[in-house]
Amino acid sequence: IWLQKVDPDLTSNIQIHVRKFGGMANAFALPGGHIVVTEQMMLELKSEEELAALIAHEAGHVKYRHSLKHLTRSAIMGIALSLFFGDFAGVSTAMAEGASNMLEMKYSRDQEREADAYAAKIMLSIGKAPQALGELLHRLDVLNKAPEWLATLSTHPHTQERIQFFGGLRDSSQAISHDPEIFW
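Residues numbered from 1 in each chain as written. Predicted model: local features only at pLDDT ≥ 70, side-chain atom pairs only at ≥ 80, totals over all residues. Heavy atoms only, no water.

## Some remarks on a nonpolar patch on the surface
A surface patch of nonpolar side chains, about 290 Å² in accessible area, is lined by Ile 16, Val 18, Met 42 and Leu 51. Relative to the helices and strands, Met 42 is located in helix α2 (residues 39-44). Given a relative accessible area of 34%, Met 42 falls into the partly exposed group. (Patch = residues over 30% accessible without salt bridge, like charges linked within 9 Å, V, L, I, M, F, W, Y side chains within 5 Å. Areas by Shrake-Rupley, 256 points an atom, 1.4 Å probe, with all protein chains shown as cover. Salt bridge = Lys/Arg side-chain N within 4 Å of Asp/Glu carboxyl O. Helix = DSSP H or I, 4+ residues; strand = E, 2+ residues; numbered from the N terminus. Buried < 20%, exposed > 50% of the residue type's maximum accessible area, 1.4 Å probe, protein only.)

Shown next, in the form of structure tokens:
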């Protein structure tokens, strides 16, 4: 697809699937280059730029193998706790899930920032406004408004932080790096 022309390092064969998913507006990347966009998300998109930015963001997850890294970390944590407690089915499994989820919040936020930076780079390289993803995130935030206290448990950075990031990108002369630390 067009992403592989823009980023020859994107080695996975990206496949985009549109699926029903309980009426939820969402998109996610799976191992092997599969990007799933829900039907509800497709209905929320207001422009071609928003679709391109969404796909570029998810392609960032594919490129950096975020879902595979998540699975690996979770498996290692589960095995380590099972070995430590000598319990391969009960308490250690529940503890591993809880501990893994807490650790994943930081990793997930960093991975989201990395995917955001990748999407911005792609959008700028094709001459499209990276702010399109910020606009989509804003609409989704309004649509799915959660209590403020719940944001601290989210696997994603605060939406306002991400909107400000995309809003701050004005032209392709800005240096875009895959290192999220430059932006955050």
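## Observations regarding the confidence of the model for the chain
The share of residues in the chain with pLDDT of 70 or more is 61%, and the mean pLDDT across the chain is 76. Mean pLDDT values over the elements of the chain span from 67, in helix α4 (residues 66-85), up to 96, in α2. Every residue in residues 171-184 scores below 50 in pLDDT, and together they form 30 contacts with partners more than four places removed in sequence or on other chains. (pLDDT = per-residue confidence, 0-100. Contact = heavy atoms within 4.5 Å.)

## Section: the sheet that holds strand β2 (residues 27-30)
If you trace the three strands from one edge of the open sheet to the other, you get β1-β3-β2, paired in mixed fashion. The outermost strands of the open sheet, each flanked by one partner alone, are β1 (15-19) and β2. Here the average twist between neighbouring strands, direction ignored, is 25°. (Pairing = 2+ DSSP bridges. Axes fitted to C-alpha atoms, helices over the stretch in contact; angles between N-to-C directions.)

## Focus: the pairing of β2
The two faces of β2 differ: Ala 27 and Ala 29 on one face are buried, but Phe 28 and Leu 30 on the other face are not. Note: β2 against strand β3 (residues 34-38), four bridges, orientation antiparallel. Bridging across to β3, Ala 27 finds its partner in Val 37. Hairpin remark: β2 followed by β3, antiparallel, with three residues in the connecting loop; positive phi at Gly 32, about 90°.

## Some remarks on the packing of helix α3 (residues 48-63) against helix α6 (residues 131-143)
It is at 8 Å that the axes of α3 and α6 come closest, and there the two elements cross at 90°. Put simply, α3 runs roughly perpendicular to α6. Across the interface between the two elements, Glu 49, Glu 50, Ala 53, Leu 54 and His 57 from α3 touch Ala 132, Leu 133, Glu 135, Leu 136 and Arg 139 from α6. Residue composition of the contact of α3 with α6, by class: five nonpolar, one polar and four charged. (Parallel < 35°, antiparallel > 145°, perpendicular 65-115°, else oblique. Nonpolar A, V, L, I, M, F, W, Y, C, P; charged D, E, K, R; others polar.)

## Observations concerning helix α7 (residues 159-167)
Taken as a whole, α7 has its buried residues at Arg 162, Ile 163, Phe 165 and Phe 166. Each buried residue of α7 sits inside an arc of 160° when the element is viewed along its axis, so together they form one side. (Arc of directions from axis to C-beta.)

## So, the packing of aromatic side chains
Any two aromatic rings considered together are summarised by their centre-to-centre distance and by the angle between their planes. The tally for this structure, following the rule as stated, stands at three aromatic pairs. Judged by centre distance (5.7 Å) and plane angle (55°), the rings of Phe 21 and Phe 28 are tilted. You can call Phe 28 partly exposed: its relative accessible area is 23%. Residues Tyr 64 and Tyr 118 carry aromatic rings whose centres are separated by 6.0 Å and whose planes lie at 85° to one another, so their mutual orientation is edge-to-face. Here Tyr 64, found in the loop between α3 and α4, pairs with Tyr 118, found in helix α5 (residues 91-125); they are 54 residues apart in sequence, far enough to count as distant. Across the pair, Tyr 118 and Tyr 64 agree in class, each one buried. (Phe/Tyr/Trp six-rings, centres within 6.5 Å; stacked < 30°, edge-to-face > 60°.)

## Structural notes on the pattern of salt bridges
Scanning all chains against the criterion turns up seven salt bridges. Its salt-bridge partner being Glu 48, residue Lys 128 comes within 3.8 Å of it at the nearest N-O pair. In this pair, Lys 128 sits in the loop between α5 and α6 while Glu 48 sits in helix α3, placing the two residues 80 residues apart along the sequence. Its relative accessible area of 29% is what places Lys 128 among the partly exposed residues. On the accessibility criterion, Glu 48 (62% relative accessible area) is exposed. With its nearest N and O atoms 2.5 Å apart, the salt bridge here joins Arg 139 to Glu 50. Of this pair, Arg 139 sits in helix α6 while Glu 50 sits in helix α3; the two residues are 89 residues apart in sequence, bridging distant segments of the chain.

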